[in-house]
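Read off the chains here:
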Amino acid sequence: QVQLVESGGGLVQPGGSRRLSCAASGQFLGIDNMAWYRQAPGKQRELVAHISAGSVTTYIGSVKGRFTISRDHAKDTVYLRMNSLKPEDTAVYYCKAYIRQRLVTGLLPYWGQGTQVTVSS
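Because the structure is a prediction, the values reported are computed rather than measured.

Trainee: How should the state of the cysteines be read in this particular structure?
Mentor: The term disulfide refers to a covalent linkage connecting the sulfur atoms of a pair of cysteines. For the structure shown, the criterion picks out one disulfide. Bridging cysteine 22 to cysteine 95, the disulfide has an S-S length of 1.9 Å. Disulfide cysteine 22-cysteine 95: torsion about the S-S bond near 45°, hence right-handed. Residue cysteine 22 is located in strand β3 (residues 18–25), and its partner cysteine 95 is located in strand β9 (residues 91–100); the two are separated by 73 residues in the primary sequence.

Following this line, the structure appears as structure tokens:
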């Protein structure tokens, strides 16, 4: 059984910073692409940042220059460093990973449980 466990959410003031972590555990052969999504109240879940197995990164326009996605292959962990946070960044943040497992052809997507980030004074 594969699990993704997020941490690092909480309350932060506008202009502040936060770092989210998402660690994969369980039995698997490897992790391919990883990503962070977010879902604000009353809105659809949106892709925030993506990182490939080779650490090529992409971001949505609203977070470019403020957020940084990175990964530690040895720790099976993906991070999201968020700087200059704004109230509109308030959302539940989810990590997603495509994982390679024994006896399974291709990659399977897994989601974390989500971590709340609230930006407010």
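From this point, things continue past the structure.
Trainee: What is the right way to look at unusual backbone geometry in this model?
Mentor: With the exception of glycine, most residues fall at negative phi, and the peptide bonds are largely trans. The phi dihedral of serine 55 is positive, around 70°, even though this residue is not glycine. If you trace the backbone, serine 55 turns up in the loop between β5 (46–51) and β6 (57–59). A positive phi angle, near 50°, is found at serine 84, a position not held by glycine. Among the secondary structure elements, serine 84 is positioned in the loop between β8 (77–82) and β9. The exposure class assigned to serine 84 is partly exposed, which follows from its relative accessible area of 41%.

Trainee: Can you help me understand the sheet that holds strand β7 (residues 67–72) in this one?
Mentor: Think of a sheet as strands paired side by side through backbone hydrogen bonds, with each pair either parallel or antiparallel. Spatial ordering of the open sheet is given by β1-β3-β8-β7, a layout of four strands whose pairing is antiparallel. Two strands lie at the open edges of the sheet, namely β1 (3–7) and β7, each paired on one side alone. When the angles between neighbouring strand axes are averaged without regard to direction, this sheet yields 15°. As paired strands, β7 and β8 are joined by six bridges and run antiparallel to one another. Residue pairing for β8: threonine 68 is matched across the bridge by arginine 81.

What counts, and where the lines are drawn
- Residues numbered from 1 in each chain as written.
- Predicted model: local features only at pLDDT ≥ 70, side-chain atom pairs only at ≥ 80, totals over all residues.
- Heavy atoms only, no water.
- Disulfide = S-S within 2.5 Å.
- Helix = DSSP H or I, 4+ residues; strand = E, 2+ residues; numbered from the N terminus.
- Buried < 20%, exposed > 50% of the residue type's maximum accessible area, 1.4 Å probe, protein only.
- Pairing = 2+ DSSP bridges.
- Axes fitted to C-alpha atoms, helices over the stretch in contact; angles between N-to-C directions.

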